[in-house]
Amino acid sequence: MEHVKVPLRVRPMSEKETRQGSEGGWRLNGTQSIEALGGRGPGKGFSFDHVFGEEIGNSELYGTLCKATVLRALEGFDTTIFAYGQTGAGKTFSMLGSSGEEENFSGVIFQAMSDVFSRVAGRGEDEQFVVSCSYLEIYNEEIFDLLAKPGAVGEKLQLFEEPGLGRFRVRGQTKIRVESLEEVRKILRYGENNRRYAETYFNFKSSRSHTIFAANVQLVRQSGEEATHIRESTLSFVDLAGNERLLYEYRNDNRSDRSIEPRRAGSVSVERGGLGSSSHFYNDAERSERTNESKNINRSLFYLTQVMHLCSKGAKGSHIPFRNSPLTKLLRSSFGGSSRTLLLLCISPCLHDVEVSLSTLRFGTCAKKIENKVQQNIISSLSQAALQAVVDSYEKKL
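Residues numbered from 1 in each chain as written. Predicted model: local features only at pLDDT ≥ 70, side-chain atom pairs only at ≥ 80, totals over all residues. Heavy atoms only, no water.

1. Observations regarding the environment of Ser-294
The test is simple: Under the DSSP-based scheme used, a helix requires at least four consecutive residues in state H or I and a strand at least two consecutive residues in state E, with every element numbered from the N terminus. For every residue, the accessible area obtained with a 1.4 Å probe (protein chains only) is divided by the maximum for its type, and the residue is called buried under 20%, exposed over 50%, and partly exposed between those limits.
Relative to the helices and strands, Ser-294 resides in helix α6 (residues 284–313). The exposure class assigned to Ser-294 is buried, which follows from its relative accessible area of 5%.

And the structure:
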């Protein structure tokens, strides 16, 4: 059994927060403990596998915890890396890095895939790798394929359960075989162009959906003339949309006035791949669209929290409601299942965000208690003919 690993990242203050004189809300005690200032939260603070301060970049974040997890995955262990936190806490930046005009994908996903292809480049003469990628979006509780052909991106996909296995798969999703980092970069760029973003009061470029980027890695190894085996693993990178307040905002940017009023902040209609050219006040259609998105984001995160809470209790035989949401169906093996799981918490550094950040830390504290029965995926003792049949079948599916 292996516990879910839970590191924490405190993002740097934005230029806007610094300009407005926002106060810091946290004290880091070493590299594994954090506490809220002003007497908020538990007196002893919170402890995690690692706590990263505002000065830490994506390279150090990945190298400290994620790298070892990714390398072990290549030995046949399914692995899931999550990013969880409030809107604007740095989740997408941690997972993708900057994806603007320079297309500098420097986040966890790209660094992990770099390690995958380093391993492929260093393979032995008796080894063969097959790597394929998929990219899914869960928007308003519906599943979409971010790698679908133009014109088919908006088509909804269906989930089905594999008989006797208790696992859910997506019917008809695109899986692309990749052989280099440049091909991964192209896939990420294409998928991000199809992803739904919008400007909100809390974040200039806010993701309006959950995404799952998955890399399936098959290692085929032959020993001698006949004895062979296959190790297969799936690396899943999950960027969760942030929990959101509905239709309300604080009256001024520095939030010194704690009263609230109906949202009137500028926003644009939801767009795939980015924002429109300018902001404007909500019209009725946009207000309804943002509200519906927020409700569905909050609903799926509620079901995820419910599942994690029950899994953390470790009660054998108790019912875990994985079927309540597409998100929990797809992540069933990540909590209490056979996958190795790392949950990256992301929070704001600001004092005025402490209350919602405390909610994120409580979520992570619950996740630390979950134990997974991690299993290695190996098909062994195949003849050369049987091995080739497996490889041919897999390539045909791709």
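2. Considerations on the pairing of strand β7 (residues 79–85)
Each regular strand displays side chains that alternate between the two surfaces of the sheet. Filter applied, for reference: Two strands qualify as a pair provided that DSSP identifies no fewer than 2 bridges between them.
Among the 7 residues in β7, 7 count as buried, and that is most of the element. By the alternation rule, side chains of β7 split into Thr-79, Ile-81, Ala-83 and Gly-85 and Thr-80, Phe-82 and Tyr-84, which are all buried. The sheet contact formed by β7 and strand β22 (residues 340–347) spans 7 bridges and is parallel. Pairing of Thr-79 across the sheet is with Arg-340, part of β22.

3. Some remarks on the pattern of salt bridges
Put simply, the rule reads: Only one rule defines a salt bridge in this text: a Lys or Arg side-chain nitrogen within 4 Å of an Asp or Glu carboxyl oxygen.
Evaluation of the coordinates by the stated rule reveals 16 salt bridges. The shortest N-O distance in the salt bridge between Lys-156 and Glu-142 comes to 3.9 Å. Remark: Glu-142 occurs in strand β9 (residues 142–145) and Lys-156 occurs in strand β10 (residues 156–161); sequence separation between them is 14 residues. One salt bridge in this structure joins Arg-177 and Glu-179, with 3.9 Å as the shortest N-O distance. Residue classification places Glu-179 among the exposed residues on the basis of a relative accessible area of 59%. It is possible to trace a salt-bridge network through shared partners that takes in Glu-162, Arg-167 and Arg-169.

4. Topic: the packing of aromatic side chains
The geometry of an aromatic ring pair is captured by two quantities: the separation of the ring centres and the angle between the planes. Short version of the rule: The aromatic pairing rule takes the rings of Phe, Tyr and Trp, using the six-membered ring of Trp, and pairs them if the centres are within 6.5 Å, calling planes under 30 degrees apart stacked, those over 60 edge-to-face and the rest tilted.
Scanning the entire structure with this criterion turns up 6 aromatic pairs. Ring geometry for Phe-82 versus Phe-335: centroids 5.1 Å apart, planes at 35 degrees, classification tilted. In this pair, Phe-82 is assigned in strand β7 and Phe-335 in the loop between α7 (326–330) and β22, connecting sequence segments 253 residues apart. Exposure remark for Phe-335: the relative accessible area of 2% places this residue in the buried category. Aromatic pair Tyr-135 and Phe-213: ring centres 5.3 Å apart, planes at 85 degrees, arrangement edge-to-face. With Tyr-135 in strand β8 (residues 127–139) and Phe-213 in strand β15 (residues 210–223), this pair connects stretches of sequence that are 78 residues apart. Each of the two residues, Tyr-135 as well as Phe-213, counts as buried. Joined through ring pairs, the aromatic side chains of Tyr-135, Phe-213 and Phe-237 make up one cluster.

5. Quick look at the pairing of β10
Sheet topology places β9 next to β10; 2 bridges connect them, and they run antiparallel. Across the sheet, the residue bridging to Ile-143 is Leu-157, located in β10. Here β10 folds back onto strand β11 (residues 168–171) in antiparallel fashion, the turn holding 6 residues, of which Gly-164 has a positive phi close to 80 degrees.

6. Quick look at unusual backbone geometry
The residue Asn-140 is not glycine, and still its phi comes out positive at about 50 degrees. By the element assignment, Asn-140 lies in the loop between β8 and β9. According to the relative accessible area criterion, Asn-140 is partly exposed, its value standing at 22%. Unlike most non-glycine residues, Glu-141 shows phi in positive territory, near 65 degrees. Since its relative accessible area comes to 18%, Glu-141 is described here as buried.

7. Details of the confidence of the model for the chain
How we decide: Confidence of the predictor at the level of single residues is captured by pLDDT, which takes values from 0 to 100. The contact criterion used throughout is that any non-hydrogen atoms of two residues lie within 4.5 Å.
Taken over all residues, the pLDDT of the chain has a mean of 82, while the share at 70 or more is 78%. Across residues 247–270, confidence stays below pLDDT 50; counting only partners more than four residues off in sequence or on other chains, it has 77 contacts. In the model, residues 274–280 has pLDDT below 50 throughout and makes 18 contacts with residues more than four positions away in sequence or in other chains.

8. Observations regarding the packing of helix α4 (residues 108–121) against helix α5 (residues 181–194)
The condition that has to hold: Each axis is a line fitted through C-alpha atoms, and for a helix only the stretch in contact is used; angles between axes span 0 to 180 degrees, taken between their N-to-C directions. When describing relative orientation, an angle under 35 degrees is termed roughly parallel and one over 145 degrees roughly antiparallel, while 65 to 115 degrees is termed roughly perpendicular and anything else oblique. Crossing chirality is assigned from the near helix's rotation relative to the far helix, an anticlockwise turn below a right angle marking it left-handed and a clockwise turn marking it right-handed.
Following both chains from N to C, one finds α4 and α5 inclined at 155 degrees, their axes separated by 10 Å at the closest point. When the interaxial angle is binned, α4 and α5 end up roughly antiparallel. Considering the relative orientation of α4 and α5, their crossing is right-handed. Residue-level inspection shows Ile-109, Phe-110, Met-113, Ser-114 and Phe-117 of α4 in contact with α5, the latter providing Leu-181, Val-184, Arg-185 and Leu-188.

9. Points about the nonpolar core
Filter applied, for reference: For our purposes a nonpolar core is just a set of buried Ala, Val, Leu, Ile, Met, Phe, Trp, Tyr and Cys residues, chained together by side-chain atoms within 4.5 Å.
Core analysis: the biggest nonpolar cluster contains 42 residues, and Met-113, Leu-188, Phe-213 and Phe-237 have the highest contact counts within it. The contact partners of Leu-188, leaving out residues within four places of it in the chain, are Leu-96, Phe-105, Ile-109, Phe-110, Tyr-135 and Phe-213. Core analysis: the next-biggest nonpolar cluster, separate from the first, contains 41 residues, Trp-26, Ile-143, Leu-343 and Leu-358 among them.

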